Amino acid sequence: MALRTPLPPSGPDTGGPGGPVGPGDRTPRPGKDDRLGRTGRPRGLARLRRLPLTVSWAPGEAQERRPPRALVAALAITGLSLMTLDYLGGDSSPVEPARTVVGEVVGPLETVADAVVRPVAAVPAWFRTQSSLRDQLATAEAENAELENRLATDPLDRARLAEYDGLLTAAAAQQVDLVPARVVAYGAAQTFTRTVTIDAGTSSGVQPDMTVIAPAGLVGRVVGVTRTTATVLLVVDADSTVGARVGSSNEVGFLSGGGSLSEPSRLDLDLVDTTVVPAEGDVVATWGSGNAGPYVAGVPIGTVTELFSTPRDTTKRAVIKPFVDFSRLDTVGVVVPPDTESDRALIGPDGIRR
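Residues numbered from 1 in each chain as written. Predicted model: local features only at pLDDT ≥ 70, side-chain atom pairs only at ≥ 80, totals over all residues. Heavy atoms only, no water.

J.: Provide a residue-level description of the confidence of the model for the protein chain, including the pertinent values.
T.: Scored by pLDDT, the protein chain has a mean of 77; 74% of the residues are at 70 or more. Scored below 50 in pLDDT, residues 10-28 shows 17 contacts in the model against residues more than four places distant or in partner chains. The low-confidence segment residues 31-37 (pLDDT under 50) makes ten contacts with residues lying over four places distant or belonging to another chain. (pLDDT = per-residue confidence, 0-100. Contact = heavy atoms within 4.5 Å.)

Below, the structure is given as structure tokens:
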């Protein structure tokens, strides 16, 4: 039902348009009050008052939009009843035919939907799988490179380990303490001296005129030292002279270097007693007193390989083949006093000590 309430009419009695003007009313001035009517009120307001006011209201419209409570209750009871019958009926449930029909209708649709959706849904998993495979490949390549590096350096590590074991044996045999070091450089051939640089200096307890040995025998002596390195003059240097003793006769003499690092390196032995002739195969070692420098006593040097003499000499000289291969020096030991303070572990007669 719609109710229409008209606005009160305007006229002379109501003061609307066309009504008399009272003595208190003023006439609008031209130009300024053109937007006002004759009564001075806004023209839009007068026009609005002429429009009829319509209010619509339909009783019961809100109630028609709500489902009846009885219908909701009936649907709930029906659903519970079907669920109970289906549960109690088992394989012979009265709902089974309807379920079969629905399955036959919906099944093909599900298959089609799965065929369409599965590739799209698998795209994020594909990207995750590719990223995971790339990470696994990078890890495998890094591990493979590490294994190849180990395989390449394994012979070198084994050789160094064997040399450390040799230094342990030499320290026990000579009853000395050693600072282990590695050869890091050979002296330039243009200097006509045969020297090497080792990675141990004063911080390790190394001082000038200390004996340097290898597992096989004598290497040389320290002639220069810094905080972290030292220079070693090899016994094969032409300016090197070493006091030596022949093992079979205990005769002493002096060894001088031949100046060559390549095989066969040689040393020449001049005995103090010129009447003594050493035999081939005799072992020659250093002679000295305890740990006194520049060479400690008893360090093996090499063996007598041949004897020779010159027309001017009435005695024979011996050629000594060193035990050490000077062209392949790697790990050496510097003989130090037992109470030496070092930044690295020392090798002593009883093993490694820190």
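J.: Any details on the environment of Ala 230? Residues and values, ideally.
T.: Positionally, Ala 230 belongs in strand β7 (residues 230-234). Classification of Ala 230 by relative accessible area gives buried; the value is 2%. Here the alpha-carbon distance between Ala 230 and Ala 181, two residues 49 residues apart in the chain, equals 9.8 Å. Sequence-distant contacts of Ala 230, that is, excluding residues within four places in its chain, are made with Val 196, Thr 197, Ile 198, Ala 200, Val 206, Val 222, Gly 224 and Val 225. (Helix = DSSP H or I, 4+ residues; strand = E, 2+ residues; numbered from the N terminus. Buried < 20%, exposed > 50% of the residue type's maximum accessible area, 1.4 Å probe, protein only.)

J.: If you had to explain the packing of aromatic side chains to someone new, which residues and values would you point to?
T.: Tallied over the entire structure, the rule returns one aromatic pair. Judged by centre distance (6.5 Å) and plane angle (65°), the ring pair of Phe 254 and Trp 287 falls under edge-to-face. Within this pair, whereas Phe 254 is found in strand β9 (residues 252-257), its partner Trp 287 is found in the loop between β11 (283-286) and β12 (300-308), the two being separated by 33 residues in sequence. (Phe/Tyr/Trp six-rings, centres within 6.5 Å; stacked < 30°, edge-to-face > 60°.)

J.: Break down a nonpolar patch on the surface for me, citing the residues and quoting the values.
T.: On the surface, a cluster of nonpolar side chains totalling about 430 Å² of accessible area is made up of Val 101, Val 102, Val 105, Val 106 and Leu 109. Counting through the fold element by element, Leu 109 comes out in helix α4 (residues 96-174). (Patch = residues over 30% accessible without salt bridge, like charges linked within 9 Å, V, L, I, M, F, W, Y side chains within 5 Å. Areas by Shrake-Rupley, 256 points an atom, 1.4 Å probe, with all protein chains shown as cover. Salt bridge = Lys/Arg side-chain N within 4 Å of Asp/Glu carboxyl O.)

J.: Now, about the side chain of Thr 331: what can you tell me, with residues and values included?
T.: As for its placement among the helices and strands, Thr 331 is situated in strand β14 (residues 331-336). One polar contact links Thr 331 to Glu 163, side chain to side chain, over a distance of 2.9 Å. Not counting residues within four places of it along the chain, the set of residues in contact with Thr 331 comprises Arg 160, Glu 163, Tyr 164, Leu 167, Ala 181, Arg 182, Ala 214 and Pro 215. (Polar contact = N/O pair within 3.5 Å; in protein donor to acceptor, adjacent residues only side chain to side chain.)

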